[in-house]
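The primary structure of each chain is shown beneath.
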Amino acid sequence: MALLARPLAPRPSATPSSTTRSTPVNARGRTREARGGILARRLGSGATRDGERMPPLVGARGRVRARLGVNETFVDLGVVADGVEEEREANVRATAGEGEMLSFVVFGASGDLAKKKIYPALFALYYEGRLPKNFMIYGYARSKMTTEAFKDKIAESLTCRLDWSKQGGSDCAQKSEEFFDRCVYVAGQYDVAADFKALDAQMCEDEKHVSAVKRVFYLSIPPSIFVPVAQNAARECQCKKGDTRVIVEKPFGRDLTSSRELTAALASELSEEQTYRIDHYLGKELIENLTVMRFSNIMFQPLWNRNYIRNVQINFSEDFGTEGRGGYFDHYGIIRDIMQNHLLQILALFAMEEPASLNAEDIRDEKVKVIRCMRPIEMDNVALGQYKGRLTDGRKYPAYLDDETVPKGSLCPTFAAMALFIDNARWDGVPFLLKAGKALHKRQAEIRVQFRHAPGNLYGERQGRVEHVTNELVIRIQPDEAIYLRINNKVPGLGQRLDQTVLDLQYKSAYGQVQLPDAYERLILDVINGDKRLFIRNDELEAAWKLFTPLLDKIEQQKIAPELYPYGSRGPIGAHYLASRFNVRWGDTD
Ligand SMILES: NC(=O)C1=CN([C@@H]2O[C@H](COP(=O)(O)OP(=O)(O)OC[C@H]3O[C@@H](n4cnc5c(N)ncnc54)[C@H](OP(=O)(O)O)[C@@H]3O)[C@@H](O)[C@H]2O)C=CC1
Ligand SMILES: O=C1O[C@H](COP(=O)(O)O)[C@@H](O)[C@H](O)[C@H]1O
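Residues numbered from 1 in each chain as written. Chains lettered and ligands numbered in written order. Predicted model: local features only at pLDDT ≥ 70, side-chain atom pairs only at ≥ 80, totals over all residues. Heavy atoms only, no water.

- Taking an unreviewed UniProt entry as the reference, the protein is identified by name as Glucose-6-phosphate 1-dehydrogenase belonging to Ostreococcus tauri.
- UniProt annotates the protein under Function (unreviewed entry) with the comment "Catalyzes the rate-limiting step of the oxidative pentose-phosphate pathway, which represents a route for the dissimilation of carbohydrates besides glycolysis." (UniProt positions renumbered as here; feature names shortened; annotations may be inferred.)

## Some points on the site of ligand 1
Thinking step 1. Lining the immediate environment of ligand 1, one finds 21 residues, of which Ser110, Leu113, Arg142, Ser143 and Tyr190 sit closest.
Thinking step 2. Note that an oxygen atom of ligand 1 is positioned 2.8 Å from one of the backbone N or O atoms of Leu113.
Thinking step 3. In isolation ligand 1 exposes 870 Å². Once the protein is present, 76% of that is buried. (Near = heavy atom within 4 Å. Polar contact = N/O pair within 3.5 Å; in protein donor to acceptor, adjacent residues only side chain to side chain. Areas by Shrake-Rupley, 256 points an atom, 1.4 Å probe, with all protein chains shown as cover.)

## Concerning the nonpolar core
Thinking step 1. Phe104, Phe107, Phe179, Ile335, Phe350 and Phe432 are the most contacted members of the largest nonpolar core, which totals 157 residues.
Thinking step 2. Per-element tally for this core: the top contributor is helix H10 (residues 326-351), with 13 residues.
Thinking step 3. Each of two domains, domain 1 (71-249) and domain 2 (283-451 + 534-589), supplies a minimum of three residues to this core.
Thinking step 4. Non-local contacts of Phe104, meaning those with residues more than four positions away in its chain, are made with Ile118, Leu122, Met136, Ile137, Tyr138, Val216, Tyr218, Ile247 and Ile524. (Core = buried A, V, L, I, M, F, W, Y, C linked by side-chain atoms within 4.5 Å. Buried < 20%, exposed > 50% of the residue type's maximum accessible area, 1.4 Å probe, protein only. Helix = DSSP H or I, 4+ residues; strand = E, 2+ residues; numbered from the N terminus. Domains from an automatic or database assignment. Contact = heavy atoms within 4.5 Å.)

## Looking at the site of ligand 2
Thinking step 1. As a matter of local geometry, ligand 2 sits amid Lys250, His280, Tyr281, Lys284, Phe316, Glu318, Arg325, Asp337, His342, Lys438, Arg443 and Gln478.
Thinking step 2. Lys250 is positioned with one of its side-chain polar atoms (N or O) 2.7 Å from an oxygen atom of ligand 2.
Thinking step 3. Taking Glu318, its side chain carries an N or O atom lying 2.5 Å from an oxygen atom of ligand 2.
Thinking step 4. Surface burial for ligand 2 is 85%, taken as the share of its 390 Å² of free accessible area covered by protein chains.

## A short note on the environment of Asp526
Thinking step 1. Within the fold, Asp526 resides in helix H13 (residues 519-529).
Thinking step 2. Residues Asp526 and Tyr276 lie 250 residues apart in sequence; the distance between their C-alpha atoms is 9.7 Å.

## Structural notes on helix H3 (residues 112-127)
Thinking step 1. With 16 residues, H3 extends 22 Å from end C-alpha to end C-alpha; this agrees with the ideal 22 Å at 1.5 Å per step.
Thinking step 2. Of all the bends found along H3, the most pronounced is centred on Ile118 and spans about 30°, while Pro120, a proline, follows it within four residues.
Thinking step 3. Buried within H3 are the following residues: Ala114, Ile118, Tyr119, Pro120, Ala121, Leu122, Phe123, Ala124, Leu125, Tyr126 and Tyr127. (Expected span 1.5 Å × (residues − 1). Bend = angle between axes of the 7 residues up to and from the residue.)

## With respect to unusual backbone geometry
Thinking step 1. Here the amide bond leading from Lys250 into Pro251 is cis, since omega sits at 0°, within 30 degrees of zero.
Thinking step 2. Residue placement: Pro251 occurs in the loop between strand E9 (244-248) and helix H8 (256-267).
Thinking step 3. Its identity is not glycine, yet Asp393 carries a phi of approximately 50°, on the positive side.
Thinking step 4. Locating Asp393 in the fold gives a position in the loop between strand E13 (390-392) and strand E14 (395-397).
Thinking step 5. A residue is classified by how much of its surface remains accessible, and Asp393, at 79% relative accessible area, is exposed.

Following this line, the structure appears as structure tokens:
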């Protein structure tokens, strides 16, 4: 299967009435004229050119155009003409018997996350046949936008990952047009109940021919408006024909108190069952694989404890700063942005006991248990940093404080390293070293497990420096997903010299033909399927904030100044001193 990651051809702009255009060629080389013919035929017959019965498409509200496929001519059908409305109803009726309908609403539809992650994920799910046959996507935000402009916005970020045409399947451009036909934009305020009622009316209209509906609301909005939006959605837009589920984005508060307030406010409108707190790191392929690796391979089971593991490192680095998000970031800092959620979740999955089953509650029971066993974090076990500007080869890399949205003199850390301990029988005394930073020398996320030395000194003289001879298991989460194990090996030949080599599972070579899904694809699909394994339960959240809040309070109250490190460097020296206090070397500094 060919792997393609290419942007879609731009959509034609939404200008009305018999407009003649040039003839752009789509990613597959077919002109829009030809595609128009296919689309026109499909609209007429309900069948694809492969003869497969397709779910009929529900036309978008607002101005509707039909492509006739002749000289790129578009005929303006006016604002939801009667015929189109009938066709729309007929489409919904035709899929009415085909299982449950999905109505997916993106609140904050004009925003960054929606464009970067949510629409591409929804499209990929549709493309791969993972969405229910009958679905609609509603974008909701305050911005004034037509449905056509909304579709154009979505088109900017869609890519065709798999070229089905080479497999005899549907091609990307056709799929995307089908997808766009399911997208509708509704403008509204976040605190006006009447606007939510209007959204509900629109959905009810589209759902009227189906008996079972699932509504999913994605709160892709700033945390300051989580509560009013959840309230209005819950009060005005609850599904009357099935379940309503709400996806809440991080940050879930900024400390224990605000998190509790948020939880209570959401809980007064939505049950815990309906609430999906997303942490997209849990949707990453190698994080999903952690439990598989641990619990399905007997060779790891006896080693996974304090007797064999010397330390565990969980590292996150980005090679760019807070560009454009400084205002948000300064309110949170790197500990809240990355460590309290993404890295702690990884740690919990790494260190938890084997769950009774793969059931969501069993897994989350084990995660929360291990977080509750963690020792309070000592300030002495923490190193903080903030990036400063750098001029290299005539290019200027900005300091964090150069961002105009960041308050002058801010002490907000853009880097943190810390040693955590789990006071239970399995992990007693093993340092878990967490490190996260922005504007470092590379973008990478990984787990490193450094094992103890083999006892005895049989090969001592031939092994070189001590820290080079322990086994190290590396799980590289991104980029270039991989699992590799450093082992000692005899250098081939007549001598007796040892060196380190790797047993190497590179996903690209082992699973080259498989395109890894984006984390958001997996997580959105899980919400649709009602699988909560990869979502944060309220008691997990509470335990995570209990662990980090005292440290965050201290950092803020004592106004602890972060150590400056140059943009694009490996971070502050303090992180190395911290590791050396535990007789550890960061594994990612090679
Ligand atoms: N962007 C990212 O990479 C990530 C984002 N997140 C989280 O996802 C959520 C959405 O993020 P993102 O898309 O970046 O957010 P944006 O800042 O882009 O906001 C989304 C939309 O919300 C509306 N909005 C913005 N500010 C306000 C405000 N003060 N009052 C009312 N409405 C406002 C705007 O729409 P309009 O004005 O049209 O209503 C905007 O398009 C946030 O909770 C964020 O923390 C989490 C991980 C990564
Ligand atoms: O949640 C967040 O994650 C991104 C990093 O996500 P990734 O999947 O690209 O590794 C980070 O840039 C952002 O600051 C943070 O809010």
